[in-house]
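# Coordinate analysis (summary)
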Amino acid sequence: MAAPVIETHGLSKIYGNAPMIREPVLREIDFRLLPGHGAFVIGGNGAGKSTLISILAGLCAPSAGVALVFGQDTRSLAARYRKRIGMMTHQSMLYPNLSARENLEFYAALYALPDPAAAAAGWLERVGLEAVADVRVRAFSRGMEQRLAAARAMIAEPALLLLDEPFAALDAESAAMVAGLIRAAVMRGATAMLTAHAAAEIEGVSFDLFELSSGRLLPAKEETFKEETRRGRLRSLLGR
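I will try to describe carefully the structure that is included in this document. The shown structure was predicted, so the numbers you read here are calculated from the model rather than taken from an experiment.

## Focus: the overall build of the protein chain
- Across its full length, the protein chain holds 7 helices and 10 strands.
- Counting only residues that meet the buried cut, the protein chain has 48% of its 240 residues in that class.
- For the protein chain, the exposed surface amounts to about 11500 Å²; the carbon and sulfur share of it is 52%.

Next comes the structure, spelled out in structure tokens:
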């Protein structure tokens, strides 16, 4: 069996210093995710989804336990491993005074891609922004910026995608487009972890569904599947 891309053991995170306000956000999470597989983590505001993504990306240290990415402790993740991660957060990580094309060319060069201009042009087409390639990002709508952020995260074809609410602010057509790009990445062997408030309508993305509640990460309960399906929000997240 291939080694897991993500592996956690007893992973916990506590915020606050005073004993009375120390609040566990993550509690003893044991989790593993193999190459070519995906996990979709749902949970409400403050459930700890962004904290989990940040720890896996090496941007935040756990309070206890360990998180391994590519077999490496995320508290000391070397640059060569960070370059294999594509990440989306609530901040787009885009430069508002640069155009869409300039942003992607910058990131392509940062990842040392052989032809940044060609890579940028290709991804602008994939996310349907070629017509506004030379418009500054500060003039973009939230949905356009989110599509460009998805292109930024995937431009180097990373081995691991850590995507915190990648479908936020997207209409159904744009969400389907981004879902297709994520599905294609996983089909070529990448690993993906996505978060959302609830099981979103993602046609064709067959990921395991987990729920983060009271700091615990567990497979989503059958009642969650039934409720989300009844609402028409869960289509093909399962059964990869």
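Having seen the model, we can carry on.
## A few points about the sheet that holds strand S9 (residues 208-213)
- Read across the sheet, 6 strands follow the order S6-S7-S8-S3-S9-S10 without closing on themselves; strand pairing throughout is mixed. In this open sheet, the two strands that pair with only one neighbour each are strand S6 (85-88) and strand S10 (216-219). Averaged over all pairs of adjacent strands, the angle between strand axes in this sheet comes to 20 degrees, irrespective of strand direction.
- Here S9 runs beside S10; their pairing, made up of 4 bridges, is antiparallel.

## Concerning the sheet that holds strand S5 (residues 72-73)
- Pairing is antiparallel in the open sheet, where 4 strands are placed in the order S2-S1-S4-S5. Every interior strand has two partners, whereas the edge strands, strand S2 (23-33) and S5, have only one.
- Examined bridge by bridge, strand S1 (residues 6-15) and S2 share 7 bridges and lie antiparallel to one another. Paired with lysine 13 across the strands is leucine 26, a residue of S2.
- Together, S1, S2 and strand S4 (64-69) form the strand contacts of helix H1 (residues 49-56), whose direction differs from that of S1 by roughly 125 degrees.

## With respect to the nonpolar core
- Ranked by internal contacts, the top residues of the largest apolar core, which has 42 residues, are Phe40, Leu104, Leu148, Phe167, Ile182 and Leu194.
- Mapped by element, the contributors of at least two residues to this core are strand S3 (38-42), helix H3 (100-110), helix H4 (116-126), helix H5 (142-154), strand S7 (160-164), helix H6 (172-187) and strand S8 (191-196).
- Non-local contacts of isoleucine 182, meaning those with residues more than four positions away in its chain, are made with Met154, Leu163, Phe167, Ala192, Leu194 and Phe207.

## Description of unusual backbone geometry
- In this structure, methionine 93 is a non-glycine residue whose phi angle is positive, near 60 degrees.
- With respect to the secondary-structure elements, methionine 93 resides in the loop between S6 and H3.
- Located in the positive-phi region is glutamate 165, a residue other than glycine, with phi close to 55 degrees.
- Along the chain, glutamate 165 turns up in the loop between S7 and H6.

## Notes on H3
- Among the residues of H3, Ala100, Asn103, Leu104, Tyr107 and Ala108 are the ones counted as buried. Along the axis of H3, the buried residues cluster in a sector spanning 130 degrees; they form a single face.
- Of the residues flanking the end of H3, it is alanine 112, one or two places downstream, whose phi is positive at about 60 degrees.

## Some remarks on the packing of aromatic side chains
- In total, this model carries 4 aromatic pairs according to the counting rule given.
- Measuring from ring centre to ring centre gives 5.3 Å for phenylalanine 106 and tyrosine 107, while their planes differ by 80 degrees; the resulting arrangement is edge-to-face.
- Here phenylalanine 106 falls in the partly exposed class, since its relative accessible area comes to 35%.
- With relative accessibility at 11%, the residue tyrosine 107 sits in the buried group.
- In this arrangement the basic side chain of arginine 84 is found over the ring face of phenylalanine 70, its NZ or CZ atom lying 4.1 Å from the centre.

## As for the side chain of threonine 195
- For threonine 195, the location among the structural elements is in strand S8.
- A distance of 3.0 Å separates a polar atom in the side chain of threonine 195 from the backbone nitrogen of glutamate 165.
- Each residue touching threonine 195, except ones within four places of it in the same chain, is listed here: Val41, Lys49, Ile53, Leu163, Asp164, Glu165 and Pro166.

What counts, and where the lines are drawn
Residues numbered from 1 in each chain as written. Predicted model: local features only at pLDDT ≥ 70, side-chain atom pairs only at ≥ 80, totals over all residues. Heavy atoms only, no water. Helix = DSSP H or I, 4+ residues; strand = E, 2+ residues; numbered from the N terminus. Buried < 20%, exposed > 50% of the residue type's maximum accessible area, 1.4 Å probe, protein only. Areas by Shrake-Rupley, 256 points an atom, 1.4 Å probe, with all protein chains shown as cover. Pairing = 2+ DSSP bridges. Axes fitted to C-alpha atoms, helices over the stretch in contact; angles between N-to-C directions. Contact = heavy atoms within 4.5 Å. Core = buried A, V, L, I, M, F, W, Y, C linked by side-chain atoms within 4.5 Å. Arc of directions from axis to C-beta. Phe/Tyr/Trp six-rings, centres within 6.5 Å; stacked < 30°, edge-to-face > 60°. Lys NZ or Arg CZ within 6 Å of the ring centre and 35° of its normal. Polar contact = N/O pair within 3.5 Å; in protein donor to acceptor, adjacent residues only side chain to side chain.

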